[in-house]
Structure formats: C-alpha cells, structure tokens
Amino acid sequence: MRVSSRPKHVGRSGRAGPVVAVLAAVGLALLVLPLLGLLLRAPWAELPGLLASEAVLQALGLSLGTAAVSTVLCLTFGIPIAVLLSHSVHWGVVPRRLLRAAITIPLVLPPVVGGIALLLLLGRRGIVGQWLAEIGITIPFTTGAVVIAQTFVAMPFLVFAVEGALRSADRRSELAAATLGATPGQTFRLVTLPLVAPGIAAGAVLCFTRALGEFGATITFAGSFPGVTRTLPIASYLAMNSDPDTAIALALVLLAVSLVVLLGLRDRWLPGVVK
Amino acid sequence: MTLTVDVTVSRDAFDVRAAFEVPDGRVLGIVGPNGAGKSSLLAAIAGLVDASGAIRLGETDLLAVPAQRRGIGVVFQDFLLFPHLSVLDNVAFAARVRGGGWTAARAKADPWLTRFDLTELAQRHPDALSGGQAQRVAVARALAAEPAVLLLDEPMASLDVEIRDDVRADLARHLREFGGPAIVVTHDREDAAALADEVLVLERGRVVQRGTLAELAAAPATPWVERFAR
Amino acid sequence: MLRLIAVAAGVVVLAGCAAPQTSTVTVLAAASLTDALDEASAAYRAEHPDVEIVVGYGGSSALAEQIVSGAPADVFFAANEATMQTVVDASLAVDPEVLLTNTLELVVPAGNPGEVRGLADLADPQLVVALCDPSVPCGAAAVQLLDLAGVTASVDTYEDDVRAALTKVALGEVDAALVYRTDVAAAGDAVEGIEIPEAASVVNRYPVALLADAADPAAAQEFLDFLRSAEGREVFERAGFVAP
C-alpha cells in the first residue's frame, strides 16, 4: 500500500529528445497560433465601443448565466453518475461498458446531432415533448433549452473528472470512517466528497467553459434569439456573416472569459491539481 | 465483555478460519508469516469484509451488524487518517457522525488530544505529521469513538526504528488503559512481547498454535513458530 | 517522417495520374439552391463524365466570408446581390450575372397546426415563429417584406440559413417561417406553403460568378455556360425559381 513518493524515471533526464520537442512545438503552435491570429486581427481601437454594445453585453450575460446554471445541473447529476461509474467496476462487462458509452456519447457526438436528438426528444412533437406540450410546457427556443443543451454536452467533462478523482483517491478512508460509526451517507459527505473536491472543482471548471463555448446543440435545439437563446458563440458566428469585427470582438470576450476561469480559478481553488 | 470469534473468511487462494476468545482487558496478538490471512481476519471482525460463522460480544451477535454499528475500533496499518481533516477533526470525527455538529464534537475530542499529547498538533493536517505522531492520532481517533473492542493492524510497521521503543511503550500503556478486548496483528516478536498477553499463530489461514511467547518458544508447533519465538 | 511525406506525395501523384482527364469544379452556393443545383450538376455530369462538380451549400453571407478569407472555390452562386458584392469588392469575383430570382413564402408544418393565414399572423406571440437571421439573404428579404407589410413579427428564433428554418418547420417545432418558395417546393409533404401577395415586391436576385482564383477557369466557365443554357434554366424553373 505504501508507495515511494516518485517513480524513478522522473527527472532522470531533464531534456526531451529532439523529435519529441519538434512535434510538441508544432502541436503547440497549432493550439496557440489561431488564438494569436484572433488577437492580431482584433479591431482594438473600436473594441471598447463594440464590447459596450447591447448585443455583446446581452450575449455575454446570457452565456454566463446559462453556463453557471448548467454547471450546477452537471454537479447535481454528474457527481452521482460518477459514483455509479466508479461502482460499475463490480458489474458485468456489458452493463459497465454500456454505462461508460452512454456517458461518453455527448463527447464524441457532433453537438449539432446532439441538438437534433434533443429536439426529437423534447421538441413539441418529441417523445417526451408532446406530453409536456399538453400541459403547456414548450422547451425549444427558450433559455431553458440553452441550459439543457449545454448540460448535455458538458456533463461528461464533470463525470470523468470526478470519476478520475474517485479512482485515484484512497478510498480506504471510507473504511476508516465506517469503523468510526459513520453511515454511508455521512461517509460520502464528510470523507469521499472532500477527498475528491479537487476533481470536482476541476470538473466544474471544465464543465463551465465547455457550456460557455457550446454552439451546435444550442443553435439546433434552442435556436437563436437575442437575449433569450443567442449566446456568445452563436452571436459571434452570426456576426461573422455581416460584421467580422463584431464577431472577433465576441470571440475575444469568449476567449477572455474562458482564460480567466481556467487560469484564475485554478490557482485559487485547485492547489491540488496545479501541484 | 468477552469477544468470541469463530469465522471463515473466503479469499482467493485459501479460506481463513479461526476460533478464539478475548476477554475484557486482555490483548491477543495475532502473528504469522506475510499473507497468512491476519489482516483479513481483522477486517472480518471489524465488519469490513464478509465472513461466515459467529462474532459475538458478550451475548450479542455482531456478524450481521454493519461496520458502523459494531462498536469495533480499528487502527489501520498505515493509519488511514483523513487527509483533508486536521488532527483535531480526525479525533473528533466519531463524535461528529453521532450528531451535534463539529463544535460539540471538537469539545469532546479535546481530552483525547491531551491524553495523547497531541494538543500542539491539533491544527496540523496528517501530511505534516511524523510516523509516531500519526500513530498517536490513529489510536486516539479509534479510542475517541469509545469502542467496545479495539483492533490494531501492524501498528508499529510504518515507524522508524529509532522511535519504536518509546512508541511501543506508549501504545502498551494505552492498551492497558483501554479495558476492553483488544487484538494486535504483528509480525514482530518484540511488539508481540510488549503489547500482547498471549499470541495466536496463523499460517495459510489456519491457527497453528496459541499461547504465551514462552509457551511457543518451549514447544513450537511449526518451523515458523520456532523462528518467531526464539 | 520525411519518408512518410514522400510516400504520401507519391500516392497523391499516382492518384492524379490514374485519371488524367478529370477536372473538378468547386461551387459554393446558397442553401436555398441545394436541391435544384444538385439536379443541375447531375445533368451536367451526365454529359461531361470527366468533370467532377463539388458543391458546398451554406448561408450566402458565410460563404462570401469564406471566399474572402481564401476558401478555394471556382464558382460562387449567392442568394442576393449584396452578398456577391462583398466578393466583387474584394476583387475575387468576375462579372457576376443574375441567373435566377426567388421570392419568399410562408411555410407551415403539414396540417397548419398554428392556423396561419397570412403575414399578419406572424405578430401572434402564441405562435412559434422562425425567420432567417437578418445577416443572411433570406433574413434580409424577410425584414424588408415585414416592413413593407407593416407587420412586427413575434420571432422566436433567427436561424443561420434558410434550410435550418425550413427543417424546424418540417419537424413541427416551428408554426411558421418565411422561406423561399423554392424551399417549400423542395420540402415535400412535411410542410405547406402559403403564398403571400406582398412577396412579389421583395425579389431575391441570385447572381453567379466565376471566381478570380479558380483552379481550372476553363472547366468552371463551361459549367457556368451550362447553368445559363436553356437546359440549365429549365432545371431551376422546375424547382420554382424564376428567370430575371
């Protein structure tokens, strides 16, 4: 059970081979240069005016609000799914793989397809949606639809982050809690959750940024109406048709918010992950 | 009350079977080679793994009782302190889960910190403790739950050699003060001699001998016992 | 690594050699042209098996933006002249010619569950109404049409191209949308069209042009000539387009 603190090969050589270095550099360039292009092409002089425009502020407010609600929903439902997934190691191969596949689907599915699927389920003529319509609830083209679409695509990020934390945490602490009189519920609340808190925080951050950037499922399922369903990515995409400067300004806002969330929260909230 | 154990624990390689009694105030050492099933036996008594047979405390059958209601305290081999809780909160944990919130639980934990000389370490987290300190926290945490039975799994194994004599003497004192039935799993003769009143030898899941160390040395039942007791 | 590139290059060269006669014409076209242009391309291919016609459909404005940003294409077929003008302004299109015209129509799901009768019904907040986003031609035309009719529509969603709006009507999620009459014809039984008298005054003119950076201008020009020919026009007229 006791493991020496560090595998031996780490630090054996401080330098990677030249092939690794070149490939990594090319890969990093692919990741970073497009963002650089965005920054260089940005209409900096007009930017304050563009950013203060009602269309941008409206889209920003809608995006932040819906992404926050989606993240809360992902936490509410995703943590139990992660617990189920971590228990599934005791199941048979088939149900275990089915569960994992079900959770992975939104990751590999093109978001537009996810949006179509949501429409066919929750639309006015959808399997569930037609019942809802009878009692006067219509979901498509509402802010609620944006939240559902975002939750759909962002959930796997949270589930897998928490599941990874559950797997790497020393679960024997739960046994210790039981011998001290803790019920399973108390053990989960007082021991398991705090142990995986860094994983939950990391998952929530990923979840929030994914929800913030969600486009395809949203435009398909929720449509696009200013202030109701037109989030930052959709506003940016539509602006590209007629007004590239505004599109770039919107993209910059999205980029800035994502960077602030990823960098800012990590240092403050996730010392365990950064370390 | 007397702890009566007569159990079979299923394992991959072989089943572990043992039957013995430990009366109040007595410490039974369980010794044996690595992999003999000592820890499995302890886990079964604590209710952490399934077993068949009987585990009784006085007249109460504990076998069907879940771990959290057995009233059996455990000091784990690598202590398993809660890494996210301070020393104080580790010791207060048992009181906390009985209800009443952290403040009341911490008040109840306070005397245990004093008794185990942990007051100055109260706000430290487990990763900032030495091996000896961590062991004291683990024993204090288990005893603060006021268990009817105390089980210790290799409590000395992860300690540095230099401090072992002191720690062992402290632990022996706490075990004497405990008053209920106690079981110490160890593979070390000196630990068995200092902590246990008599020992039970387990080899490949079977009890091969039981007695004081002197009795074992006088008439060893197996070559392993002969090497151990000498 | 280098060896890999050499092998890949060899494969490309061999593929090129295997069919030396083939040339490819890449067309970027407005979403509303989808079915008619597919049919026209198939008709052309039947006569010119050596020419491959590849068409990318989308919102005209997005396509224009892609061309200005350097998308490799030979022909641009837009849904209005303003969009084409952005490509001409970038000196990337040569002599656009208006080939077709199209007008808007109300489209409703089969059975008309929202009981839509005319443009004025779009003001009903109880109905789910989709328009194209004003930044794409069908949306610009819709705004113009509603202005002319003096109707303030209660819109639920602005779709990014006309086919997206049409699909949501066909799925029954939207009670009414303004799309091109050619789209209504193409969508078949899932939808019903409602002609609107005001529509005749807002006409979308579809210009087509050879692009300045065409890889094979001769082949592209030949395809353009076919689209202009009587045979080509007939395909579009069958789909509901009208000659200018």
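Residues numbered from 1 in each chain as written. Chains lettered and ligands numbered in written order. Predicted model: local features only at pLDDT ≥ 70, side-chain atom pairs only at ≥ 80, totals over all residues. Heavy atoms only, no water.

(A) How the structure looks around the UniProt feature "transmembrane region" (unreviewed entry) in chain A. Within the UniProt annotation, "transmembrane region" (unreviewed entry) is assigned to residues 20-40, 60-86, 98-123, 135-162, 190-212 and 246-265 of chain A. End C-alpha to end C-alpha, residues 190-212 of chain A measures 31 Å, and it is 96% helix and 0% strand. (UniProt positions renumbered as here; feature names shortened; annotations may be inferred. Helix = DSSP H or I, 4+ residues; strand = E, 2+ residues; numbered from the N terminus.)

(B) Representation of the UniProt feature "domain: ABC transporter" (unreviewed entry) in chain B. Following the UniProt record, the feature "domain: ABC transporter" (unreviewed entry) maps to residues 2-229 of chain B here. Annotated as 38% helix and 23% strand, the span residues 2-229 of chain B places its first and last C-alpha atoms 27 Å apart.

(C) A look at the confidence of the model for chain B. Averaged over every residue, the pLDDT of chain B is 92; residues scoring 70 or more account for 100%. Taken together, the chains of this predicted complex give a pTM of 0.76 and an interface ipTM of 0.91. (pLDDT = per-residue confidence, 0-100.)

(D) A look at unusual backbone geometry. All names here are of chain C. Positive phi values are uncommon outside glycine, yet Asn112 reaches one of about 45 degrees. Within the secondary structure, Asn112 is located in the loop between strand E4 (93-109) and strand E5 (129-132). Phi at Glu115 is positive, roughly 50 degrees, even though this residue is not glycine. By secondary structure assignment, the location of Glu115 is in the loop between E4 and E5.

(E) Examining the state of the cysteines more closely. Residues and elements named next belong to chain C. Taken as a whole and assessed by the stated rule, the structure comprises one disulfide over all chains. In this model, Cys132 is linked to Cys138 through a disulfide, with the two sulfur atoms separated by 1.9 Å. Handedness of the Cys132-Cys138 disulfide follows from its S-S torsion of about -105 degrees: it is left-handed. Relative accessible area serves as the criterion here: at 1%, Cys132 is assigned to the buried category. Overall, Cys138 belongs to the buried group, its relative accessible area being 3%. (Disulfide = S-S within 2.5 Å. Buried < 20%, exposed > 50% of the residue type's maximum accessible area, 1.4 Å probe, protein only.)

(F) Highlighting empty space enclosed by the protein. Residue and element names in this part refer to chain C. Enumeration according to the criterion identifies one cavity of 30 Å³ or more in this entry. Of the volumes computed, that of the largest cavity is approximately 60 Å³. Across the lining of the largest cavity, the residue classes break down as eight nonpolar, four polar and one charged. Mapping the lining of the largest cavity onto the domain boundaries places at least three of its residues in each of domain 1 (22-101 + 206-238) and domain 2 (102-201). (1 Å grid on protein atoms, 1.4 Å probe; cavity = no way out; pocket = protein on both sides within 12 Å on 5 of 7 lines; lining within 4 Å. Points joined across faces, edges and corners; volume = space filled by probe spheres on them. Nonpolar A, V, L, I, M, F, W, Y, C, P; charged D, E, K, R; others polar. Domains from an automatic or database assignment.)

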